[in-house]
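Structural features, examined
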Amino acid sequence: MVSPRYTVQPTTIESALELIRKYNIPGPRYTSYPTAPQFSADVDRTALLDEIAADNRDPARALSLYFHLPFCESLCWYCGCNTVITRRRSSAGEYVDLLCQELALTAPLVNTARPVTQLHFGGGTPTFLPPAEIDRLGQAIHSVFKFSPDAEISVEIDPRRLTKEHVEAYRRLGCNRASLGVQDTNPEVQIAIHRWQPLAQTAQAITWLREAGYQSVSVDLIYGLPLQTPESFAKTLEEIIALNPDRLAVFSYAHVPWLKPAQKIFDDRAQLPSTEAKLAMLTLATTALTAAGYVHIGMDHFARPDDELAVAHAEGTLYRNFQGYTTRAGASLYGFGMSSISQTDGSFRQNHKDLEAYQKALTAGELPLERGFLLSSEDKNRRAVVMDIMCRSRVDFTTLSRRLGFDVGEAYATEIATLTDLAADGLIKTDAEGFEITPMGELFRRIIAMRFDEYLSRGPRKFSKTV
Ligand code: SF4
């Protein structure tokens, strides 16, 4: 049964549905601009290294690190991550050896006098690594990089594969934030997605993390999964709110079976909720989380009002990177591990997505680079506009013009003119200085950003639906 507190207003749903039917086209999630499909194996590698060297001469740019730990014991059928499914425990030690080699090859390229302000362990399942390997990896990282005292160090946790020793090992490494994969607490949904996770396991993980001194615990949920209904999702929300996480991410399930063949198992449409049901779930999440005191940060993120993400949102200093929303803007990102992405102000580069190719490059003493991208000044200008659309409630052309050194309203007059339909439908409110994204427009940030994406007109790309 839906809790009366979380009842959705039918008129809001009906008008939102009409807009979704009109605007729900596939599009990027804009964790970067240009987006990853633009990266190319033909990138000029010498120019890429020059760009990294130039970036390292800028002492003002801090460092952000990402380590991709790809192993999972079993595949969740909805999964969109780059994973390696195995139960072979020795894989962990072999992989940490590779990460140490990659650190050794990368260190000479980086000005390590710059402080690390952010480090994230993603996966896969970072707790696939036994505690001794977590310690070994931590020592290798700390022997190369210096951390700022307030660095945000976070790890993705799978409560099903967690022990207290894992929690303590990542804490020893410096982790002060954790995000827990939950997705849905309903047993039938969990069976349908091949991820059995009793609520008690999630609660135990949160208790261990708080006892170990993690400052922030975040929970990830997904709506749009097989067998989910607004009623079942309302219960999931109630159960998770009762655990009192500091942040929540409520993602829309991205159905991309052409990229993730395991998702074909859901192709029986009777299993997947309708667009109407998905919208009801999203509305429920927004209503329930706001009623419980969380601030809606943007798109799919919610945080307690005193959480630094909510503070950055209020102050207009929020930024977006490959891990989602962040308060650490302007840092150069160095990614380690298969498929990880690195970013300087003027470039992107991505490691091999295949474990064997990643290993082969490192064994040959080479950086495991698969593809990359060098940004033109036009790309950087458009990135500033796209990031403002994704991160702020107001896009101000005057402020942007001051920042970028040219008249944004004039330079992007054609793109701005295409916003008329969005304004007429109440998704944005325009004025002489820019536009505001309305509460209804919150759902359509990707659609608004797409109007400024120069690459979308250059050829077909397959993305998930925007809503
Ligand atoms: S645990 Fe996470 S990364 Fe691994 S298969 Fe499940 S969803 Fe994917």
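If you're wondering where the values come from, they're calculated on a predicted model, not measured in any experiment.

Side note on the sheet that holds strand 17 (residues 394-396)
- Pairing is antiparallel across the open sheet formed by three strands, whose spatial order is 17-19-18. Because the sheet does not close on itself, it has two edges, and the strands there are strand 17 and strand 18 (428-431). Looking at each pair of strands side by side, their axes are set apart by 15° on average, direction ignored.

Some points on the packing of helix 3 (residues 90-106) against helix 4 (residues 131-144)
- Helix 4 packs onto helix 3 with a crossing angle of 0° between their chain directions and a minimal axis gap of 10 Å. Considered as vectors, helix 3 and helix 4 are oriented roughly parallel to each other. For the pair formed by helix 3 and helix 4, the contact residues are Ala-92, Gly-93, Val-96, Leu-99, Cys-100 and Leu-103 on the first element and Glu-133, Arg-136, Leu-137, Ala-140 and Val-144 on the second.
- Considering only residue class, the contact of helix 3 with helix 4 consists of eight nonpolar, one polar and two charged.

Considering the packing of helix 4 against helix 5 (residues 164-173)
- Where helix 4 meets helix 5, the closest approach of the two axes is 9 Å, and the angle between their N-to-C directions is 5°. For the element pair helix 4 / helix 5, the angle class is roughly parallel. Where helix 4 approaches helix 5, its residues Pro-131, Ile-134, Asp-135 and Gly-138 are matched on the opposing element by Glu-165, His-166, Ala-169, Tyr-170, Arg-172 and Leu-173.
- Residues of the contact of helix 4 with helix 5, tallied by class, amount to five nonpolar, two polar and three charged.

Side note on helix 12 (residues 377-391)
- In this model, helix 12 (15 residues) spans 21 Å end to end at C-alpha, consistent with the 21 Å of a helix rising 1.5 Å per residue.
- Along helix 12, the residues classified as buried are Asn-381, Arg-382, Val-385, Val-386, Met-387, Asp-388, Ile-389, Met-390 and Cys-391.
- Residues of helix 12 that are buried make contact with strand 9 (295-298), strand 11 (319-321), strand 17, helix 13 (397-404), helix 14 (408-411) and helix 17 (445-450).

Quick notes on the site of the ligand
- Every residue lining the ligand is accounted for by Cys-72, Leu-75, Cys-76, Cys-79, Cys-81, Thr-83, Gly-123, Gly-124, Thr-125, Asp-158 and Gly-181.
- Class assignment of the residues belonging to the shell around the ligand gives a composition of five nonpolar, five polar and one charged.

Description of the domain arrangement of the protein chain
- Per the domain assignment, the segments of the protein chain are domain 1 (1-28 + 377-458) and domain 2 (31-336).
- Computed over C-alpha atoms only, the centres of domain 1 and domain 2 are separated by 25 Å.
- Listed per partner, the contact involves 22 residues of domain 1 and 24 residues of domain 2.
- Among the elements that line the side of domain 1 that touches domain 2, the one with the most residues is helix 12, at seven residues.

Parameters and conventions
Residues numbered from 1 in each chain as written. Predicted model: local features only at pLDDT ≥ 70, side-chain atom pairs only at ≥ 80, totals over all residues. Pairing = 2+ DSSP bridges. Helix = DSSP H or I, 4+ residues; strand = E, 2+ residues; numbered from the N terminus. Axes fitted to C-alpha atoms, helices over the stretch in contact; angles between N-to-C directions. Parallel < 35°, antiparallel > 145°, perpendicular 65-115°, else oblique. Contact = placed C-beta atoms within 7 Å. Nonpolar A, V, L, I, M, F, W, Y, C, P; charged D, E, K, R; others polar. Expected span 1.5 Å × (residues − 1). Buried ≥ 20, exposed ≤ 12 C-beta atoms within 10 Å, placed from the backbone. Near = placed C-beta within 6 Å. Domains from an automatic or database assignment.

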